[in-house]
Amino acid sequence: MEKVLRILLPNAQQSCRTALYLLVARVVFGLLLAMHGWQKLQGFEQMSAHFPDPLGLGSSLSLTLAIFGELACSLALVIGLASRLVLLPMIFTMCVAFFMAHGGSIAEGELAFVYLVVFVLLFLTGPGRFSVDGWIAKKIERVKI
């Protein structure tokens, strides 16, 4: 259990500057992607019939999964709640967008590629201590002492 928590929660000893940079990255890129998800949610009826279906799940389900990855997961990332877990659907969504919808072309899928790189980096670094995950890690650390 301790190994799982170490993977999911940020390091409580992280510098303030690093934690602040991670907070800014989470908020900026999370809100930017959430806007894309919100637009998809608002236009669900119009988009669901012709949304790309690169995985063969059906346009409506593909759109629903894209909205989940872009909107719900992004908002959780912004506050730093289960950050590494919510980054997985976000990374998957950007992989599908970049490699399948845009054919892996930087010219066509530049934005999806940028999101993909940022989200992979956030997955590797964790959310930082200025997050709900950081607060939980701090509480767990106090209980151990």
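- The name given to the protein chain in an unreviewed UniProt entry is DoxX family protein, with the source organism recorded as Hoylesella loescheii DSM 19665 = JCM 12249 = ATCC 15930.
- In its Sequence similarities (unreviewed entry) section, the UniProt entry covering the protein chain states "Belongs to the DoxX family."
- If you open the UniProt record of the protein chain and go to Subcellular location (unreviewed entry), you find "Cell membrane".

**Things to note about the packing of helix α5 (residues 83-101) against helix α6 (residues 106-125)**
Then, number 1: Contact pair α5 / α6: the axes reach a minimum separation of 9 Å and the direction vectors enclose 160°. On the basis of the axis angle, α5 is roughly antiparallel to α6. In the crossing of α5 with α6, the sense of the turn from one axis to the other is left-handed. On α6, the residues that touch R84, L87, L88, M90, I91, M94, C95, A97, F98 and F99 of α5 are I106, G109, A112, F113, Y115, L116, F119, V120, L122, F123, L124 and T125.
Then, number 2: In the contact of α5 with α6, the residues fall into 19 nonpolar, 2 polar and 1 charged.

**Topic: the pattern of salt bridges**
Think of it this way: side chains of opposite charge can pair up when their charged atoms draw near.
Then, number 1: For the structure on display, the rule yields 1 salt bridge.
Then, number 2: Its salt-bridge partner being K40, residue E70 comes within 3.0 Å of it at the nearest N-O pair. Of the two residues, E70 sits in helix α4 (residues 59-79) while K40 sits in helix α2 (residues 16-42), which places them 30 residues apart along the sequence. Comparing E70 with K40, the two get one shared label, buried.

**Comments concerning a nonpolar patch on the surface**
Then, number 1: A contiguous nonpolar patch, built from L55, L57, L61, L65, F92, F99 and M100 and spanning about 660 Å² of accessible area, is present on the exposed surface.
Then, number 2: Contributions of two or more residues to the nonpolar patch are made by α4 and α5.
Then, number 3: For the nonpolar patch, the element with the most residues is α5, which contributes 3 residues.
Then, number 4: Checked against the element boundaries, L57 lands in the loop between α3 (44-47) and α4.
Then, number 5: Classification of L57 as partly exposed rests on a relative accessible area of 41%.

**Examining unusual backbone geometry**
Then, number 1: Unusually for a residue other than glycine, A82 sits at a positive phi of about 50°.
Then, number 2: Looking at the element boundaries, A82 is found in the loop between α4 and α5.

**Considerations on the nonpolar core**
A general trend in soluble globular proteins is that nonpolar side chains are found buried together.
Then, number 1: Formed by 19 residues in total, the largest nonpolar core has its most connected members in L33, L77, L87, M90, M94, F119 and L122.
Then, number 2: For this core, the elements supplying multiple residues, two or more each, are α2, α4, α5 and α6.
Then, number 3: Of the residues forming this core, the biggest block, 7 residues, is contributed by α5.
Then, number 4: Dropping the residues within four chain positions of it, F119 is found in contact with F29, L33, L77, L87, M90, I91 and M94.
Then, number 5: Within the second largest apolar cluster, 6 residues are counted, among which are A34, L63, I67 and L71.

The rules behind each value
Throughout, a residue's number is its position along its own chain's written sequence, starting from 1. Thresholds applied to this predicted model are a pLDDT of at least 70 for local features of residues and 80 or more for the giving and counting of side-chain atom pairs; totals over whole chains, interfaces and linings are not thresholded and use all residues. Side-chain numbers here rest on the full set of heavy atoms in the structure, without hydrogens or water. UniProt positions are given in the numbering used here, feature names are shortened, and annotations may be inferred rather than shown by experiment. Structural elements are reduced to axes, namely lines fitted to C-alpha atoms, with helices fitted over the stretch in contact, and the angle between N-to-C directions of any two is expressed from 0 to 180 degrees. By definition, any uninterrupted DSSP run of H or I lasting at least four residues is a helix, any uninterrupted run of E lasting at least two residues is a strand, and each is numbered from the N terminus. Any angle that is under 35 degrees is reported as roughly parallel, and any over 145 degrees as roughly antiparallel; angles of 65 to 115 degrees are reported as roughly perpendicular and all others as oblique. Crossing handedness follows the turn of the near helix against the far one: under a right angle anticlockwise gives a left-handed crossing, and clockwise gives a right-handed one. Throughout, a residue-residue contact means that at least one pair of heavy atoms, one from each residue, lies within 4.5 Å. The classification used treats Ala, Val, Leu, Ile, Met, Phe, Trp, Tyr, Cys and Pro as nonpolar, Asp, Glu, Lys and Arg as charged, and all other residues, Gly among them, as polar. The term salt bridge refers to a pairing of a side-chain nitrogen on Lys or Arg with a carboxyl oxygen on Asp or Glu at a separation within 4 Å. Only protein chains enter the calculation, and the probe is 1.4 Å; a residue is then buried if its accessible area is under 20% of its type maximum, exposed if over 50%, and partly exposed in between. Every patch collects residues that have over 30% relative accessible area and no salt bridge, joining them within 9 Å if they carry like charges and within 5 Å if they are nonpolar side chains (Val, Leu, Ile, Met, Phe, Trp, Tyr). All accessible areas in this document rest on Shrake-Rupley with a 1.4 Å probe, and a residue is counted as covered only by the protein chains that are shown. Grouping buried Ala, Val, Leu, Ile, Met, Phe, Trp, Tyr and Cys residues that are joined through side-chain atoms within 4.5 Å yields what is termed a nonpolar core.

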